[in-house]
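Chain residues, written in single-letter form:
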Amino acid sequence: MFDVIIAGCGPTGAMLAAELRLHDVRVLVLEKETEPASFVRIVGLHMRSLELMAMRGLLDRILPHGRQRPAGGFFAAIPKPVPKGLDSAYAYLLGIPQPIIERLLEEHAIELGAQVRRGCAVAGFEQDDEGVTVELADGQQLRSRYLVGCDGARSTVRKLLGVGFPGEPSRTDTLMGEMKVGVPQEEIAAKVTEISKTHQRFWLRPFGEGIYSVVVPAAAVSDRAVPPTLEDFKQQLRTIAGTDFGVHSARWLSRFGDATRLAERYRVGRVLLAGDAAHIHPPIGGQGLNLGVQDAFNLGWKLAGQIRGWAPETLLDTYQAERHPVAEDVLDNTRAQTELLSTEPGPQAVRRLLTELMDFDEVNRHLIEKITAIGIRYDFGEGPDLLGRRLRDIDVKQGHLYGLLHRGRGLLLDRTERLTAGSWSDRVDYLADPTAALDVPCVLLRPDGHVAWIGDDQQDLDDHLARWFGKPAD
Ligand SMILES: Cc1cc2nc3c(=O)[nH]c(=O)nc-3n(C[C@H](O)[C@H](O)[C@H](O)COP(=O)(O)OP(=O)(O)OC[C@H]3O[C@@H](n4cnc5c(N)ncnc54)[C@H](O)[C@@H]3O)c2cc1C
């Protein structure tokens, strides 16, 4: 008997397993593939994900494997500088191969005590009042109290759960790959600048070590079911650019569509969905992995509280209440970005207008905060603007704020030195007189770093501790 079985050991499943282990939850991750992924797709970790990694002491492990790039110019690939005054101690994009981030997250989960079984595909399940019986493809049955489907876009768990996945099917396919080129960088840059004026779904971007990320429309490449070849890329490059830039030595080639769908529900009884299993959208802006890891971060401590028995009755449902609107917003911004990549005159005109508007720093910053997820504000009811937002990493007398969140517990930052989280001290840490950088008397942080309460009154604080962390300990 496990507390939680997670289907899928992608970035979402691995992150969730680690978060649950911080609270001693017995976790089993079932992964259908026998080996980790072999493709070398570079993904971008955005500011909020970098913050999460810092909060769990993972960032130092991850940084040496990635390349830091400026935190600007993501929205619809409109080239704009980094907006001024980004409110994060980690104001950059980290380009990192997806298999490396997956491996590091899986190792982290295992170090914390999660079990990962590879070559085990979830094929069925049945839930009752006490738990879930999970059936594997080989007929074996396992039992847990909860099941979470982190099994990607074609999620078996979502389908078996019968949860609707409304949205739009793919309309436009794109080829994307990483390969070497046979001509000098300057020659490519000049040509790409010229072509980019009229073709938005086209780029050759250097990733270092002679590797280029190449994107071209799949228009003339026919069969969707057949994986693309280097020759397909060459043909498309020649059609658009008049040259194939001598591309060779592909290390990864793919074709993806722009299907956009969102699960109607994230929870049915004891079964939940997270990551691509719950939402899919075009990769523009590089948000999918980030969104999934952030789902896991939101869900982990809540599900742990449910299992440990301290969660208030409504806590687990705040997962959907908070994360569904965030995914809706990501789907919308990818829809908007996709339109802006169209070569039709209307969308091109809108793109020119938006390009002008983004010269206003506030517009540029708003879009970057949206894509990097540092602009998220959960609806915790009325209150100051900071309520429901995440607190940036700030210097505190004991070091860095995020350094105090490694254990995934709540944290009370008390400048008044009069308040206490006493009866909740098994779930919430306390820090007196933390820093002058905080311009409010006292802040209660949830384990995911979001501000759950601001004030200076003990009774009001106790009410909010109970709202998020349940009944006080005896
Ligand atoms: C071209 C491209 C570029 C991208 N670039 C970016 C980027 O820059 N930034 C970004 O944030 N995102 C990017 N993404 C999106 C990102 O790759 C996904 O959003 C991310 O992988 C989702 O993680 P996940 O763990 O939810 O799902 P997945 O990564 O799909 O993992 C699901 C796991 O579940 C396993 N599984 C499936 N079925 C079962 C089953 N029945 N039982 C057990 N295991 C099962 C699978 O084998 C897999 O390991 C990109 C996507 C594409 C296509």
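In case you missed it, the structure is sitting above this.
Now for a look at the structure at hand.

Rules and cut-offs
- Residue numbers here run from 1 along each chain, matching the order of that chain's written sequence.
- At least 70 in pLDDT is required for a residue's local features to be given in this predicted model, at least 80 for side-chain atom pairs to be given and counted, and no such filter applies to totals for whole chains, interfaces and linings, which use all residues.
- Hydrogens and water molecules were not included; the side-chain quantities draw on all heavy atoms of the structure.
- Convention adopted: a line fitted to C-alpha atoms gives each axis, helices being fitted over their contacting stretch, and angles between N-to-C directions are expressed from 0 to 180 degrees.
- We count a stretch as a helix when DSSP gives it H or I for four or more residues in a row; a strand needs E for two or more, and each element gets its number in order from the N terminus.
- Roughly parallel covers angles under 35 degrees, roughly antiparallel covers those over 145, roughly perpendicular covers 65 to 115, and oblique covers all other angles.
- By convention, the crossing between two helices is left-handed when the near helix turns anticlockwise from the far helix through less than a right angle, and right-handed when the turn is clockwise.
- Should any heavy atoms of two residues lie within 4.5 Å, those residues are counted as being in contact.
- Any residue under 20% of the maximum accessible area for its type is buried, any over 50% is exposed, and the rest in between are partly exposed; the area is computed with a 1.4 Å probe on protein chains only.
- DSSP-based pairing: two strands are paired if at least 2 bridges between them are found.
- Here a residue counts as near a molecule or strand whenever at least one of its heavy atoms sits within 4 Å of it.
- Counted as a polar contact is a pair of N or O atoms within 3.5 Å, where, for protein atoms, one must be capable of donating a hydrogen and the other of accepting one, and residues adjacent in sequence contribute only when both atoms are in side chains.
- Residue burial considers only the protein chains on display, and all accessible areas are found by Shrake-Rupley using a 1.4 Å probe.
- Classification used: nonpolar for Ala, Val, Leu, Ile, Met, Phe, Trp, Tyr, Cys and Pro, charged for Asp, Glu, Lys and Arg, polar for all others including Gly.
- Stacked, edge-to-face and tilted are the three classes for Phe, Tyr and Trp ring pairs, Trp counted by its six-membered ring, which pair at centre distances within 6.5 Å; planes under 30 degrees apart are stacked, over 60 edge-to-face, the rest tilted.
- The rule for a charge over a ring is simple: NZ of Lys or CZ of Arg within 6 Å of the ring centre, and within 35 degrees of the ring normal.
- One less than the number of residues in a helix, times 1.5 Å, gives the span that helix is expected to have.
- Picture the helix axis, draw a direction to every C-beta atom, and the arc is the one those directions span.

This next bit is on the packing of helix α1 (residues 11-21) against helix α8 (residues 288-308). Closest axis-to-axis distance for the α1/α8 pair is 8 Å, and the angle between their directions is 25 degrees. The angle between α1 and α8 places the two elements in the roughly parallel class. The element α1 and its partner α8 pack so that their crossing is right-handed. Listed contacts from α8 to Pro11, Thr12, Met15, Leu16, Glu19 and Leu20 of α1 are Leu289, Gly292, Val293, Ala296, Phe297, Leu299, Gly300, Leu303 and Ala304.

A separate point is the pairing of strand β2 (residues 27-31). The buried count for β2 comes to five of five residues, which makes it a mostly enclosed element. Of the two faces of β2, the one holding Val27, Val29 and Glu31 and the one holding Leu28 and Leu30 are both buried throughout. The pairing of strand β1 (residues 2-7) with β2 spans four bridges and is parallel. When the sheet's bridge partners are listed, Ile6 is paired in β2 with Val29.

Attention shifts here to the site of the ligand. Close contacts around the ligand come from 29 residues, with Glu31, Arg41, Gln98, Leu289 and Asn290 the closest. In the model, a nitrogen atom of the ligand is placed 3.4 Å from a nitrogen or oxygen of the Thr156 side chain. Here an oxygen atom of the ligand sits 2.8 Å away from a polar atom, N or O, in the main chain of Leu289. Here the ligand loses 85% of its free accessible area of 1,000 Å² to cover by the protein chains. When residues of the shell around the ligand are traced back to their parent elements, those giving at least two are α1, β2, β3 (42-45) and α8. Top contributing element to the shell around the ligand by residue count: α8, with three residues. Residues belonging to the shell around the ligand are distributed by class as follows: eleven nonpolar, twelve polar and six charged.

This part takes up the sheet that holds strand β10 (residues 167-168). The three strands lie next to each other as β10-β15-β18, forming an open sheet whose pairing is antiparallel. Whereas interior strands pair on both sides, the edge strands pair on one side only; in this sheet they are β10 and β18 (279-280). Alignment of strand β15 (residues 260-262) against β18, held across two bridges, turns out to be antiparallel. Following the sheet pairing, Leu262 is matched in β18 by His279. Seen against the sheet, helix α9 (residues 318-340) touches β10, β15 and β18 and runs at an angle of roughly 170 degrees to β15.

Attention shifts here to the packing of aromatic side chains. Per the stated rule, a full pass over the model turns up six aromatic pairs. Pairing Tyr90 with Tyr402 gives two aromatic rings, centres 6.2 Å apart and planes at 15 degrees, and the pair type is stacked. Of this pair, Tyr90 sits in the loop between β4 (67-70) and β5 (92-97) while Tyr402 sits in the loop between β20 (399-400) and β21 (410-414), and the two are 312 residues apart along the sequence. Grouped by ring-pair contacts, the aromatic residues Trp301, Trp310 and Phe469 constitute a single cluster. Here the basic side chain of Arg205 rests over the ring of Trp203, its NZ or CZ set 3.9 Å away from the ring centre. The ring of Trp468 has Arg446 lying over it, and the distance from NZ or CZ to the ring centre is 4.8 Å.

What follows covers helix α6 (residues 185-196). Here α6 is twelve residues long and its end C-alpha atoms lie 16 Å apart, about the 16 Å a rise of 1.5 Å per residue gives. Burial in α6 covers these residues: Ile188, Val192 and Ile195. Seen along its axis, α6 keeps its buried residues to an arc of 70 degrees; they face one direction. Structural note: α6 exposes Glu186, Ala190 and Thr193 on the side pointing more than 90 degrees away from its buried face. On its buried side, α6 packs onto β12 (203-208), β13 (211-217) and α7 (230-241).

These figures come from the coordinates and say nothing about function on their own.
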